[in-house]
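One letter stands for each residue in the lines below.
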Amino acid sequence: MTFFKVVVFAALLVTAGAGHTSDNHQVRVVDGDTLELGGVKYRLHGIDAPEAGQLCRTANRGTWPCGQEAIKTLQMMVRSHALTCDNRGYDKYGRTLAVCSIAGTDINAAMINKGMAWSFKRYSHDYDEIEAAAKANLVGIWQADTETPWDYRAHRWQIAKQDAPAGCSIKGNISNKGEPIYHMPWSKGYARTRINEKKGERWFCTEAEAIAAGWRAPWGD
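If you're wondering where the values come from, they're calculated on a predicted model, not measured in any experiment.

Caption draft 1: Highlighting the pattern of salt bridges. Across all of its chains, the model carries eleven salt bridges by this definition. A salt bridge links Asp48 to Arg153; the shortest N-O distance between them is 2.9 Å. A residue pair is termed long-range when its members are at least 10 positions apart, and Asp48 in strand β5 (residues 47-48) and Arg153 in helix α5 (residues 149-161) qualify at 105 residues. Of the two residues, Asp48 and Arg153, both sit in the buried class. Between Asp91 and Arg95 there is a salt bridge, with its nearest N and O atoms 2.6 Å apart.

Caption draft 2: Here's a closer look at the nonpolar core. One finds Leu35, Leu74, Val78, Leu83, Cys85, Ile107 and Met111 to be the most contacted residues of the largest nonpolar core, which totals 36 residues. Among the elements that take part in this core, helix α2 (residues 66-78) stands out by supplying six residues, more than any other. Ignoring any residue separated from it by four or fewer positions in sequence, one finds Met111 in contact with Gly32, Ile47, Ala70, Thr73, Leu74, Met77, Met116 and Ala117. Ranked by size, the runner-up nonpolar core spans ten residues in total, among them Val30, Met184, Trp186 and Ala217.

Caption draft 3: Expanded view of the pairing of strand β13 (residues 170-174). Burial analysis of β13 places four of its five residues in the buried class, which makes it a mostly covered element. Looking at chain direction, β13 and strand β15 (residues 202-204) are connected through three bridges and run antiparallel. From the neighbouring strand, Gly172 faces β15, where its bridge partner is Arg202. Pairing between β13 and strand β14 (residues 180-183): four bridges, direction antiparallel. Residue Asn173 lies in a different strand from β14, and its bridge partner there is Ile181. The hairpin turn running from β13 into β14, its antiparallel successor, is five residues long, and Gly178 in that turn takes a positive phi close to 85 degrees.

Caption draft 4: Quick look at helix α4 (residues 128-136). For α4, the complete set of buried residues consists of Ile130, Glu131 and Ala134. Down the axis of α4, the buried side of the element spans an arc of 100 degrees, and every buried residue falls inside it. In the segment just after α4, Leu138 is the residue with positive phi, at about 60 degrees.

Caption draft 5: Structural view of the packing of aromatic side chains. Taken as a whole and judged by the stated rule, the model has six aromatic pairs. Summarising the aromatic geometry, the rings of Phe120 and Trp150 are spaced 5.6 Å apart at their centres and angled 10 degrees between planes, so their arrangement reads as stacked. With a gap of 30 residues between them, Phe120 in the loop between β12 (118-119) and α4 and Trp150 in helix α5 connect regions that are remote in the sequence. Owing to a relative accessible area of 11%, Phe120 belongs among the buried residues under this scheme. Between Trp157 and Trp186, the aromatic rings sit 6.1 Å apart at their centres with planes inclined by 40 degrees, giving tilted as the arrangement. With Trp157 in helix α5 and Trp186 in the loop between β14 and β15, the pair connects residues that are 29 residues apart, well separated along the chain. If you follow Lys171 out to its NZ or CZ, it ends over the ring of Tyr190, 4.2 Å from the centre.

Definitions and limits used
Residues numbered from 1 in each chain as written. Predicted model: local features only at pLDDT ≥ 70, side-chain atom pairs only at ≥ 80, totals over all residues. Heavy atoms only, no water. Salt bridge = Lys/Arg side-chain N within 4 Å of Asp/Glu carboxyl O. Helix = DSSP H or I, 4+ residues; strand = E, 2+ residues; numbered from the N terminus. Buried < 20%, exposed > 50% of the residue type's maximum accessible area, 1.4 Å probe, protein only. Core = buried A, V, L, I, M, F, W, Y, C linked by side-chain atoms within 4.5 Å. Contact = heavy atoms within 4.5 Å. Pairing = 2+ DSSP bridges. Arc of directions from axis to C-beta. Phe/Tyr/Trp six-rings, centres within 6.5 Å; stacked < 30°, edge-to-face > 60°. Lys NZ or Arg CZ within 6 Å of the ring centre and 35° of its normal.

Okay, here's the thing in structure tokens:
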């Protein structure tokens, strides 16, 4: 199957399942593979983007903020455009798994094509050929060997558990606006976040626990 046909096929999949279409004013980007549309949180099917606080390697052995660049890339794509997301079921955190599109263009595929995400082969092989093309072109995350987001998360989690009470590493912080926000060990703002239990802030052991308690992830962090 050619690269062009892969993109077209992926875009056609957007018609499957009960979907959601909204204008850009209702879209918030959580990270490079998650967004909120009209109050519904969508986890982009078949891809895994660098985490917000993650750095990737450059061709000259330096580093670049690939997690933040992935967020910016997704924000640019959804800005000023109507977005459509289908429904492919739910993950363990209650997020809707979806292929989202803009004017028929599959943005899941576009993130991989731009070198801003990996094909999440643990769950899907829909984008393997697009990933292979991006890797061959040395774009984005493929310009040098770099850590996958799933390995990055595992390492950051183990490090955070060493200092967290009872191994519960997720920081439940209350923002200046009074919003309950949880920070994962790989979030950009994790290190600078301090927990003040007198203010009602707390630690969580799992992300599902934080979500069930009514806390949300930070936007673009």
